[in-house]
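Spelled out from the first residue to the last, the chains are:
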Amino acid sequence: MKIALPLTLYCLLFCLQIQAQTSGSTEVIPPTSAEYFASAMKYKAIENYTEASRSLAKALAADPQNDQYKKEMAELQYLRNAFYEAIPLYEAIVKTDTENIIYLTRLAEMYSMSQQKMKGVFYANKVLKLNPTDGQTNKILAKTYFDVQYYPKAITQYLLAERVFPMDKEIPHKLANCYAQLGKFADAMQYYDRCIELEPNNTSIMVEAGEMCYDANNFKLANVLFQDAENKGYTPSKSFYDTWALIQVEMKNYNLALTYYGKAKEFAPYDKDINLSIAETYMKKGDYSKSREVLDELLEMNPNDADVIYTKGMTYFKAGNTEKAEQFFNQAFEINPALKSLRTTKSSF
């Protein structure tokens, strides 16, 4: 006589029987290094460099001596801007692959963005010995030299890059900066003109060029550039109007200078330097009483400001009242004895 089992118990026994029959019959085989590498390349193709590097790390763990994997890993770390990981990988590679322009250039580039900029120059010099003709390579080398302020060498490489990329907007800007740093203002202006030609609405470049013209004592052109920048919507600032006012002072356009100083003052009403500049401009105009009004406002905030007291003395000195001037000069000297050196140069204002 058969005993009927409950349905739930029957099902449980059946499942246990199936499990017993199948247990141990399946074995998980881990991917091979080649399969990890293939996975990494798929991620690389869609620019998912983080996942690509993870897969490639597993490939390298399985096959640590594979040179192809090492080179790909170096490139992946470079592409994901993980330079601290890419640099030692590339340095290991170039010990044997000593004339690989791409790897040496990348080392120059990465080191130039680090605290070890001269090591970037070390690798850039290695690349130069290989006579690179690629425009991008020369542009990277130029930046490497630019970052360490080796401007003549930077110019040479930027000019080579410019031949390949004549429409590149960055190269003429860098060349303008290089020439300006070397005091070659005519050459610098040539490249600022090229920048403006390529980007006619780039007002920041116009202002930068204008500031360079001011440094080069070409005040007329500086004024034109500042005016063009304002006309094309440059976002004004205290510095912008302060510099424009200085340009007007050099051109002896004192009323315009006061206008621009006034605009600068709107950004910083109590700025001591701006207010002193306004007072000095009134002095240049010969309006000494107006100059004193500005200075008295400053003295209300700080009655013991030696610079302001000395400048007030200058308003009397310029007006021919030397006795009154000396009273203020001596008061300023008591507060700040270092100002005594100005006694012989009072007329510099």
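Structure's up top.
What you are looking at is a predicted structure, and each value in this text was computed from that prediction instead of being measured. (Residues numbered from 1 in each chain as written. Predicted model: local features only at pLDDT ≥ 70, side-chain atom pairs only at ≥ 80, totals over all residues. Heavy atoms only, no water.)

Asker: If you had to explain the overall build of the protein to someone new, which residues and values would you point to?
Answerer: If you tally the helices and strands in the protein, you get 19 helices and 0 strands. Relative to its length of 349 residues, the protein is extended, with a C-alpha radius of gyration of 35 Å against a globular reference of 20 Å. Within the protein, the fraction of its 349 residues that count as buried is 41%. Taken as a whole, the protein presents about 19,900 Å² of accessible surface, with 52% of it coming from carbon and sulfur. For the protein, the distance from the average position of its 39 positive side-chain charges to the average position of its 43 negative side-chain charges is 2 Å. (Helix = DSSP H or I, 4+ residues; strand = E, 2+ residues; numbered from the N terminus. Rg over C-alpha atoms; globule rule 2.2 N^0.38 Å. Buried < 20%, exposed > 50% of the residue type's maximum accessible area, 1.4 Å probe, protein only. Areas by Shrake-Rupley, 256 points an atom, 1.4 Å probe, with all protein chains shown as cover. Lys, Arg positive; Asp, Glu negative; His and termini not counted. Charge placed at Lys NZ, Arg CZ, Asp CG, Glu CD.)

Asker: Now, about the packing of helix α3 (residues 49-62) against helix α4 (residues 67-79): what can you tell me, with residues and values included?
Answerer: Interaxial distance between α3 and α4 falls to 10 Å at its minimum, and their mutual angle equals 155°. The angle between the axes of α3 and α4 places the two elements in the roughly antiparallel class. The crossing of α3 and α4 is left-handed. Where α3 abuts α4, its residues Tyr49, Ala52, Ser53, Leu56, Ala57, Ala59 and Leu60 lie against Tyr69, Lys70, Glu72, Met73, Leu76, Gln77 and Leu79. Of the residues contributing to the contact of α3 with α4, the split by class is 10 nonpolar, 2 polar and 2 charged. (Axes fitted to C-alpha atoms, helices over the stretch in contact; angles between N-to-C directions. Parallel < 35°, antiparallel > 145°, perpendicular 65-115°, else oblique. Left-handed = near helix turned anticlockwise from the far one by under 90°. Contact = heavy atoms within 4.5 Å. Nonpolar A, V, L, I, M, F, W, Y, C, P; charged D, E, K, R; others polar.)

Asker: Can you tell me about the nonpolar core, naming the residues and giving the values?
Answerer: Counting residues in each nonpolar core, the largest one holds 86 residues, and the members touching the most others are Tyr90, Leu107 and Met110. The contacts of Met110, once residues within four sequence positions are left out, are Tyr78, Phe83, Ala86, Ile87 and Tyr90. Core analysis: the second largest hydrophobic core is formed by 10 residues, Ala52, Leu56, Ala59 and Leu60 among them. (Core = buried A, V, L, I, M, F, W, Y, C linked by side-chain atoms within 4.5 Å.)

Asker: Run through the packing of aromatic side chains, naming residues and quoting values.
Answerer: For the coordinates displayed, the defined rule picks out 22 aromatic pairs. Judged by centre distance (4.1 Å) and plane angle (10°), the ring pair of Trp244 and Tyr260 falls under stacked. Highlighted residues: Trp244 in helix α14 (residues 238-250) and Tyr260 in helix α15 (residues 254-267), separated in sequence by 16 residues. What makes Trp244 buried here is its relative accessible area of 0%. Considering the side-chain rings of Phe329 and Phe333, the 6.5 Å spacing of their centres and the 20° angle between planes classify their relative orientation as stacked. Note that Phe329 and Phe333 are positioned in helix α19 (residues 322-335) at a spacing of 4 residues, about one turn of the helix. Taken as a pair, Phe329 and Phe333 share a single burial class, namely buried. (Phe/Tyr/Trp six-rings, centres within 6.5 Å; stacked < 30°, edge-to-face > 60°.)

Any link to function would need more than the numbers given here.
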